[in-house]
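Structural description and commentary
Spelled out, the chains give:
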Amino acid sequence: MAGTQPYHLKTVSALHQLRRLPSPGHPLISVIDFEDLKWLADDEPKYIVQEFYSVALKRNFAGRMKYGQQQYDFDKGTMFFVAPGQVFSIESEGQFNHTGWLLLIHPDFLWNTPLAKKLGRCEYFGYTVHEALHLSEKEEAIISAIMQNIAQEYRGNMDQFSHDVMIAQLELLFTYSERFYHRQFLTRKMANHQVLDRMEALLTDYFNSDDLTGKGLPTVQYIADQLNMSPNYLSGLLKVLTGKSTQHHIHDMLLKKAKEKLSTTSLSVSEIAYELGFEHPQSFSKLFKTKTNLSPQAFRQSFN
């Protein structure tokens, strides 16, 4: 089973079977106690792709998880989110000794609920692995209690209210996760401000180089890749620190360079547009006026 090709898990039951666990109490949702996962077999698939959501609350995980191209060594109190279709791998030396909970949710369980759309917009499901969510003991207790409530509901006597109760618990879990996610930006201010400094240096170098003419304006994806972050995580971090998205910061740097060229050179507006990476001068003029309420020519004339 091991190899370089990702191993696909289509159902919650398939993961239970892979991990040698009893069949799940509900076909579309499951809460697994990590103490029931004792080891990884020698023939474990190296890479896994799930067609369902998973949310892990891990403590003292003696191993490594790779997610995308990043690697993270879990310590105590971390949450990790994987969306359907994302590739990850787990490496461990022998027996598992970590504790916590693993929540599995098939998208069909969320059908026709507001939560289905909400999860598609959640920034923490766009994490690269070194951006795992670190929790305090109090926060861990809150998440653990919600996961156990979900398990208790589907393991009990299911009735006409059970699905709504579990959806409500999931809503609560993801609302708390979003709160903790934004709290993490604030509690890691020094590291986050270093990211901001690196981004500003990256933009300055890019706009001062010949890359604009050859490659065009930098994209949000390019900036995120250079900083080893997902685009959603980077924009979320910047919004907390500065109130502006990554795209807004790119435009700010663009306008700074445009104003500099308009006020200190005799280049035409079209020449400036091409130097700033625009294929069509009209697009540059439109963006400039939208951001400054002045056309490039009117801005230039204000210095005469």
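1. Section: the overall build of the chain
Regarding its fold elements, the chain presents 12 helices and 10 strands. Of all 304 residues assigned to the chain, the portion counted as buried reaches 46%. The contacts in the chain between residues at least 6 apart in sequence include a share of 72% that link residues at least 24 apart. Counting every atom, the chain has about 15,800 Å² of accessible surface; 49% of that belongs to carbon and sulfur.

2. Focus: the environment of Gln 247
Within the fold, Gln 247 resides in helix α9 (residues 246-264). Under the relative-accessibility criterion, Gln 247 is labelled partly exposed at 34%. The spacing of Gln 247 and Gln 221 is 26 residues in sequence and 9.9 Å in space, taken between C-alpha atoms.

3. Some remarks on unusual backbone geometry
Backbone geometry places Asn 228, a non-glycine residue, at a positive phi of 60 degrees. By secondary structure assignment, the location of Asn 228 is in the loop between α7 (220-226) and α8 (231-242). When its relative accessible area of 41% is taken as the criterion, Asn 228 is described as partly exposed.

4. What to know about the confidence of the model for the chain
Of all residues in the chain, 79% attain a pLDDT of 70 or more, and the chain-wide mean is 81. For the chain, strand β6 (residues 70-73) is the element with the lowest average pLDDT, namely 44, and strand β2 (residues 29-33) is the one with the highest, namely 95. This model gives residues 66-75 a pLDDT under 50, and the stretch forms 44 contacts once residues within four places in sequence are excluded.

5. Let's talk about the nonpolar core
Nonpolar side chains in soluble globular proteins generally cluster together in the buried interior. Core analysis: the biggest nonpolar cluster contains 33 residues, and Ile 223, Leu 234, Leu 276 and Phe 284 have the highest contact counts within it. Those elements that provide at least two residues to this core are α5 (189-208), α7, α8, α9, α10 (269-275) and α11 (281-292). No other element matches the seven residues that α5 contributes to this core. For Ile 223, the contacting residues outside a window of four places in its chain are Met 199, Leu 202, Leu 203, Pro 218, Leu 234, Thr 246 and Ile 250. One finds Val 31, Trp 101, Leu 115 and Cys 122 within the second-largest nonpolar core, a separate group that totals 31 residues.

6. Side note on α8
For α8, with 12 residues, the first-to-last C-alpha span of 16 Å sits near the 16 Å given by 1.5 Å per residue. Of the residues making up α8, those classed as buried are Tyr 233, Leu 234, Ser 235, Gly 236, Leu 237 and Leu 238. Backbone geometry just downstream of α8 places Gly 243 in the positive-phi region, at approximately 80 degrees.

7. A few points about the packing of α9 against α11
Between two packed helices, what matters for the description is the angle formed by their axes and the separation of those axes. Relative to each other, α9 and α11 sit at 105 degrees, their axes nearing to 11 Å. Of the possible angle classes, the one that applies to α9 and α11 is roughly perpendicular. Together, His 251, Leu 254, Leu 255, Ala 258, Lys 259 and Leu 262 of α9 and Phe 284, Leu 287, Phe 288, Lys 291 and Thr 292 of α11 make up the contact between the two elements. Among the residues forming the contact of α9 with α11, the class breakdown is seven nonpolar, two polar and two charged.

8. Here we look at the pairing of strand β9 (residues 99-105)
With six of seven residues buried, β9 lies mostly within the body of the structure. Here five bridges tie β2 to β9, and the two strands are oriented antiparallel to one another. For Ile 32, the partnering residue across the bridge sits in β9 and is Leu 102. Relative to β9, strand β4 (residues 53-59) is paired through seven bridges, and the arrangement is antiparallel. Within β9, the position partnered with Ala 56 by the bridge is Leu 102.

9. A look at the sheet that holds β4
Across a sheet, paired strands are connected by hydrogen bonds in the backbone, their directions being either parallel or antiparallel. Spatially, the five strands line up as an open sheet ordered β2-β9-β4-β7-β10, and their pairing is antiparallel. Where the open sheet ends on each side, the last strands, each with one partner, are β2 and β10 (133-134). Against the sheet, helix α3 (residues 137-155) contacts β2, β4, β7 (78-82), β9 and β10, and its axis sits at roughly 125 degrees relative to β2.

10. Thoughts on the pairing of β7
A large share of β7 lies buried, amounting to five of its five residues. Here β7 shows two buried faces, one formed by Thr 78, Phe 80 and Val 82 and the other by Met 79 and Phe 81. Where β4 meets β7, five bridges bridge the pair, whose relative direction is antiparallel. In the strand pairing of β7, Ser 54 is matched with Val 82. Here two bridges tie β7 to β10, and the two strands are oriented antiparallel to one another. Bridge pairing links Thr 78 to His 134 in β10.

Criteria and cut-off values
Residues numbered from 1 in each chain as written. Predicted model: local features only at pLDDT ≥ 70, side-chain atom pairs only at ≥ 80, totals over all residues. Heavy atoms only, no water. Helix = DSSP H or I, 4+ residues; strand = E, 2+ residues; numbered from the N terminus. Buried < 20%, exposed > 50% of the residue type's maximum accessible area, 1.4 Å probe, protein only. Contact = heavy atoms within 4.5 Å. Areas by Shrake-Rupley, 256 points an atom, 1.4 Å probe, with all protein chains shown as cover. pLDDT = per-residue confidence, 0-100. Core = buried A, V, L, I, M, F, W, Y, C linked by side-chain atoms within 4.5 Å. Expected span 1.5 Å × (residues − 1). Axes fitted to C-alpha atoms, helices over the stretch in contact; angles between N-to-C directions. Parallel < 35°, antiparallel > 145°, perpendicular 65-115°, else oblique. Nonpolar A, V, L, I, M, F, W, Y, C, P; charged D, E, K, R; others polar. Pairing = 2+ DSSP bridges.

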